[in-house]
Amino acid sequence: MHKIVLCCLAGGSLLSANVSAQAQAVATGDAVVKPAPAPVSAKAPAVDGPPSVSVTAERPAGRIDRQVYDVKSDVGSSNGTAADALNNVPSVAVDPDGSVSLRGSSNVQILIDGKPSAMLQGDSRGATLNAMAADDIESVEVINNPGAQFGNEAGGGPILNLVMRRNRKPGGFATVNANAGIAGRYNSSVSGTYNEGPWGYQGGINVRHDGRNSVGEVSRERLERDTGAFAPSSQQSSNNGLNDSLGLHGTVNYNLNANDTLAASVSYNGRSNDQRSLDRYINGDSMGGTIVDYVRSTVRNGDSRNTSWGARYDHKGELPGETLKIDLRVSSSTNESDSDYANTYTVAPVNAFDSRARQHSETGNRIVDFSGDYERPLAGGTAKLGYKVADNQSSFDTLYTDINPASLAESVNPMRSNRFELDERTIALYGSYQMRLTERWGALAGLRAEYTDLNVRQITGGVEASNNYVNYIPSLFATYKVSDESNLRFSYAHRLRRPSAGDLNPYVVYRDEFNVSAGNPRLKPTQTDAFEIGYETKLFGLESSLRAYHRRDTDAIVDYRYFISENVLLTTRENGAGSHASGLEFSLSGKLTPSLTLNTSGNLARSQQTSSDDLGNRSTRTANALSGRARLNYQFNTANQLQLALQMQGKMLSGQGYRSPNNTLNMSWRHTLTPQLSLVMNVTDVFSSNKMETVINSASLRETSTRRFDGRMIYVGLSYRLGGATSAAKEGEREPRFGPPGGRGPGGPGPGGPGGEAG
């Protein structure tokens, strides 16, 4: 369970705060835990204004507009990544490339402490999730139907909010993790906090050397327009190489007085990779002959750099629950890569020779996000107003050169080189009101207005274009308290998915000899309406929930594929006729026995997409899928804990095709050596069953693409915790710590760090 610390003024404010908290809990349908009176600390440092009192209450895992999942208690968190942590969240799936889906949809926003970050957008997202330490994450908030306070940048779909760890208790606390894996892999991290008087410091560093080698196979049949027959082709590939990453982050908090807090944060994440790959291409004709057979070798080196800094001001007003939060975030991401190609022909076309080529790619993204939120009690409820001013700049620069193998002279290939820039500015205002309608009913309604200004510059072609528009985005949430242990929840939200820079860039980007990609500057935003009804209760002593949902997309952005030459397939984007998805999501968690804990969830979904192929044929595809995960934790004794986690991802539609189901089993074991020191072992993909298979079946193209990654991965490491709670600490016993005694930790009014709310 999580703790909420409410700082209230003495002399009458305590009673008002308790009444306000109970009223809000009834309005949301959450359970109310009445706090016991808390004594005033005689050792509290002197601050301006009246003395303060701390009131502690349990925070339930469900809130009116989201579900909160604790991931810090996961057995393997000390040597896992953020991708591993997300894979333990119900209805979330992260593949080995770092691609994220929620309830079968890949249109997912990922926020850090309620705010967007450049490193979790575009090409940076997958690499960041596979490098970020899971031990830095406190919890994951799943917001399937985001309310008015959340913007529509980075896709505008459902939100996964990573709430980073914070500690506001006086004194110092630290964690050190060191892990070694098979085939030379390793990772290590150090994090800590120090709180004394009005000051608070928190930071960490992590290094990682790992990755996944893979092999792939593509079997393709293309329609020959002149004969009407299908001609076969195939691709076999292998990819090897590990990545090195370094992450740094730090936060400073300062309590100006009892009502005002300042916070500043900075972070850096760097990643380098060195990849070697071989691809064999065989092109045939419809008569069974081989036209081309050759091997392309690729040497790829790349670097990415992600930086961010932020500042925040929190103010607590005179009224109970009155707060003002002003937040500035600036983040940037830069990714560079150089690829060298060489072809060796076994069966060559006429006049072919061994060829060489080189490609340099650089992508960049910079986000400036300035937001403010004001909340206060009003007419028996709670009103909230906020604003956001954001600027998102994206750039793509690709230079492809052909190399003469004899003279080594290089010449620019204009068909595969381009430079593209996008500048998106957003100004948003929102308002919401939450209140208790009756003793059992509560509601939260909101409206967001967004003004968007887009400027596109295709520098290679000398083309510029701009567009601007206003959108109004409503949301509504309601709860009904059936009993002390049961709640009904209802929600509706309208969302907007704007095309990203990569979606809009019309120039062709080379991927390999068979596949290229390009954006579509004529794309329109996708309008989404999402509905949900949920029931939460206790079943046989276990926490359980059942949620029915429906999502309808208008002008859905889907993949569209066609051949631009005899055997080169272009993947682009188009607005489909529409799509919708419905399903039932369930979860069950709790102790089956004193030693055995179960966490299980599932999603039974039906999805439908309508799209066209390059022959003008419109088709509607439907998929029924069952996805789920089950996690068992068994405490053998006080020193040994075993965890088994089964993940099952169902069928997912993707434009003219679908992704096949996939299953994996992971295992973790923790052995407590001392109250502070633990030995941890993780085994990922125990049965080496992890694969990504995509099937395309249209009038002009039949294709099955399969990638298999390194199978069973094993990590063994040590986790040492200095300060904080230990397994030997008794209930009610003071937690050990280092540093001088006494003092008031940071945090004051609101979180002890720049995060939490969204603007």
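> How would you sum up the overall build of the protein? Please name residues and give values.
Helix and strand counts for the protein stand at four helices and 42 strands. Taking contacts inside the protein between residues at least 6 apart in sequence as the whole, the part at least 24 apart equals 68%. Working note: accessible area of the protein is about 33,200 Å², and carbon and sulfur atoms make up 57% of it.

> Go over the packing of aromatic side chains, please, and point to the residues and values.
With the rule as written, the count across this model stands at twelve aromatic pairs. Measuring from centroid to centroid gives 5.3 Å for Tyr-281 and Tyr-294, while their planes differ by 25 degrees, and the two rings are stacked. Placement of the pair is Tyr-281 in strand β16 (residues 260-284) and Tyr-294 in strand β17 (residues 290-316), with a sequence separation of 13 residues. Side by side, Tyr-281 and Tyr-294 carry an identical accessibility label, which is buried. Seen from their ring centres, Tyr-492 and Phe-531 are 5.0 Å apart, and the 35 degrees between their planes marks the pair as tilted.

> Please set out a nonpolar patch on the surface residue by residue, giving values where relevant.
There is a patch of nonpolar side chains on the surface, built from Val-176, Tyr-186, Val-190, Ile-205, Val-207, Leu-246, Leu-248, Tyr-268, Tyr-720 and Leu-722 and spanning about 740 Å² of accessible area. Elements with a contribution of two residues or more to the nonpolar patch: β11 (186-196), β12 (199-210), β15 (243-255) and β42 (713-722). For Tyr-268, the location among the structural elements is in strand β16. Residue Tyr-268 is classed as partly exposed on the basis of its relative accessible area, which comes to 30%.

> Tell me about the environment of Phe-490, residues and numbers included.
You can see Phe-490 is positioned in strand β25 (residues 487-497). Between the alpha carbons of Phe-490 and Ile-533 there is a distance of 4.5 Å; along the sequence they are 43 residues apart. Beyond its immediate stretch of four places on either side in the chain, Phe-490 contacts Trp-441, Leu-476, Phe-477, Ala-478, Glu-532 and Ile-533.

> I'd love a proper account of empty space enclosed by the protein, names of residues and values included.
Scanning the model with the defined rule gives eight cavities of 30 Å³ or more in all. A volume near 140 Å³ is recorded for the second largest cavity. Going through the elements one at a time, β4 (66-70), β8 (137-143), β25 and β28 (526-539) are the ones with two or more residues in the lining of the second largest cavity. Of the residues that constitute the lining of the second largest cavity, the class distribution is six nonpolar, five polar and six charged.

> Could you give an account of the confidence of the model for the protein, with specific residues and numbers?
Should pLDDT be low for a region, the predicted coordinates there are not to be read in detail. Scored by pLDDT, the protein has a mean of 82; 85% of the residues are at 70 or more. A low-confidence stretch, residues 1-60 stays under pLDDT 50, and its non-local contacts, those more than four residues away or across chains, total 89 contacts.

> Please provide a residue-by-residue account of the pattern of salt bridges, values included.
Should their charged atoms come close, side chains of opposite charge can pair. Tallied over the full model, the rule gives 36 salt bridges. For Arg-103, the salt bridge is made with Glu-532, and the minimal N-O distance between the two is 3.0 Å. Of the two residues, Arg-103 sits in the loop between β6 (100-102) and β7 (109-112) while Glu-532 sits in strand β28, which places them 429 residues apart along the sequence. A relative accessible area of 12% means that Glu-532 is categorised as buried. A salt bridge links Asp-529 to Arg-552; the nearest nitrogen and oxygen atoms lie 3.9 Å apart. Taken together, the residues span a long stretch of sequence, with Asp-529 in strand β28 and Arg-552 in strand β29 (residues 542-554) at a distance of 23 residues. Judged by relative accessible area, which is 13%, Asp-529 ranks as buried.

The rules behind these values
- Residues numbered from 1 in each chain as written.
- Predicted model: local features only at pLDDT ≥ 70, side-chain atom pairs only at ≥ 80, totals over all residues.
- Heavy atoms only, no water.
- Helix = DSSP H or I, 4+ residues; strand = E, 2+ residues; numbered from the N terminus.
- Contact = heavy atoms within 4.5 Å.
- Areas by Shrake-Rupley, 256 points an atom, 1.4 Å probe, with all protein chains shown as cover.
- Phe/Tyr/Trp six-rings, centres within 6.5 Å; stacked < 30°, edge-to-face > 60°.
- Buried < 20%, exposed > 50% of the residue type's maximum accessible area, 1.4 Å probe, protein only.
- Patch = residues over 30% accessible without salt bridge, like charges linked within 9 Å, V, L, I, M, F, W, Y side chains within 5 Å.
- Salt bridge = Lys/Arg side-chain N within 4 Å of Asp/Glu carboxyl O.
- 1 Å grid on protein atoms, 1.4 Å probe; cavity = no way out; pocket = protein on both sides within 12 Å on 5 of 7 lines; lining within 4 Å.
- Points joined across faces, edges and corners; volume = space filled by probe spheres on them.
- Nonpolar A, V, L, I, M, F, W, Y, C, P; charged D, E, K, R; others polar.
- pLDDT = per-residue confidence, 0-100.

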